[in-house]
Amino acid sequence: MDADTLEQAGLNTLVVLVRGHAFTGVWLRDECFPEPAVDDGLRLRKRVALNELSVFDPTGVTARPTVPFERAVTEAKRWLDANETF
């Protein structure tokens, strides 16, 4: 599942780019950032902490054997928390 699929389902999505990787985010409320690109990781981390935004690493979800969704979320949060990679 990627941002494109979630967008087709009518959800507001994000593609989060970090050094050497990318992962998906989706708004859990009918909201989005006003600008098309955000370069402040703290803004994303705050929204995730408030449960307004969910992030997950789609590479784990599509792996064989499949990684549980909770682990894909944990991996994306780990990437997001690494300030030097954002």
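Up top you'll find the structure we're talking about.
I will try to describe carefully the structure that is included in this document. (Residues numbered from 1 in each chain as written. Predicted model: local features only at pLDDT ≥ 70, side-chain atom pairs only at ≥ 80, totals over all residues. Heavy atoms only, no water.)

**A look at the sheet that holds strand E3 (residues 53-56)**
Reading across from one edge, E1-E2-E3 is the order of the three strands in this open sheet, with antiparallel pairing throughout. With one partner strand each, in any of the chains shown, strand E1 (13-18) and E3 form the two edges of the open sheet. Averaged over all pairs of adjacent strands, the angle between their axes in this sheet comes to 30°, without regard to strand direction. Relative to strand E2 (residues 21-27), E1 runs antiparallel, the two being bridged by six bridges. Counted as the bridge partner of Val-16 is Phe-23 from E2. Each of E1, E2 and E3 is contacted by helix H4 (residues 69-81), which is oriented at about 100° to E3, the strand it contacts most. (Pairing = 2+ DSSP bridges. Helix = DSSP H or I, 4+ residues; strand = E, 2+ residues; numbered from the N terminus. Axes fitted to C-alpha atoms, helices over the stretch in contact; angles between N-to-C directions. Contact = heavy atoms within 4.5 Å.)

**Here's the deal with the pairing of E1**
Sheet faces and side chains relate simply in a regular strand, where the side chains alternate between the two faces. Side chains Leu-14, Val-16 and Val-18 of E1 all project onto a buried face; the interleaved residues Thr-13, Val-15 and Leu-17 project onto a face where none is buried. Connecting E1 to the antiparallel partner E2 that follows it, the hairpin turn spans two residues, and Gly-20 within it adopts a positive phi of roughly 85°. (Buried < 20%, exposed > 50% of the residue type's maximum accessible area, 1.4 Å probe, protein only.)

**Topic: helix H2 (residues 41-49)**
Each turn of an α-helix holds 3.6 residues, which means side chains three or four residues apart point in the same direction. Every buried residue of H2 is accounted for by Gly-41, Leu-44, Arg-45 and Val-48. Taken end-on, H2 shows its buried residues confined to a sector of 100°, consistent with a single buried face. Among the structural elements, E1, E3 and H4 are those in contact with the buried residues of H2. The N-terminus of H2 is capped by Asp-40, whose side-chain oxygen sits 3.1 Å from the backbone nitrogen of Leu-42. The positive-phi residue at the C-terminal boundary of H2 is Asn-51, with phi of around 60°. (Arc of directions from axis to C-beta. Polar contact = N/O pair within 3.5 Å; in protein donor to acceptor, adjacent residues only side chain to side chain.)

**Some points on the side chain of His-21**
Locating His-21 in the fold gives a position in strand E2. A distance of 3.0 Å separates polar atoms of two side chains, one belonging to His-21 and the other to Asp-57.

**Some thoughts on the nonpolar core**
Ranked by size, the top nonpolar core spans 13 residues in total, and within it Leu-14, Val-16, Phe-23, Leu-44, Leu-53 and Leu-80 carry the most contacts. Of all elements in the fold, only E1, E2, H2, E3 and H4 reach the threshold of two or more residues within this core. Ranked by size, the runner-up nonpolar core spans five residues in total, among them Val-26, Phe-56, Ala-72 and Val-73. (Core = buried A, V, L, I, M, F, W, Y, C linked by side-chain atoms within 4.5 Å.)

**Looking at H4**
Between its first and last C-alpha atoms H4 spans 18 Å; for 13 residues at 1.5 Å apiece the expected length is 18 Å, and the two agree. For H4, every residue scored as buried is listed here: Ala-72, Val-73, Ala-76, Trp-79 and Leu-80. An end-on view of H4 places all buried positions within 125° of arc, on one side of the element. The exposed set on the far side of H4, more than 90 degrees from its buried face, consists of Glu-70, Arg-71 and Asp-81. (Expected span 1.5 Å × (residues − 1).)

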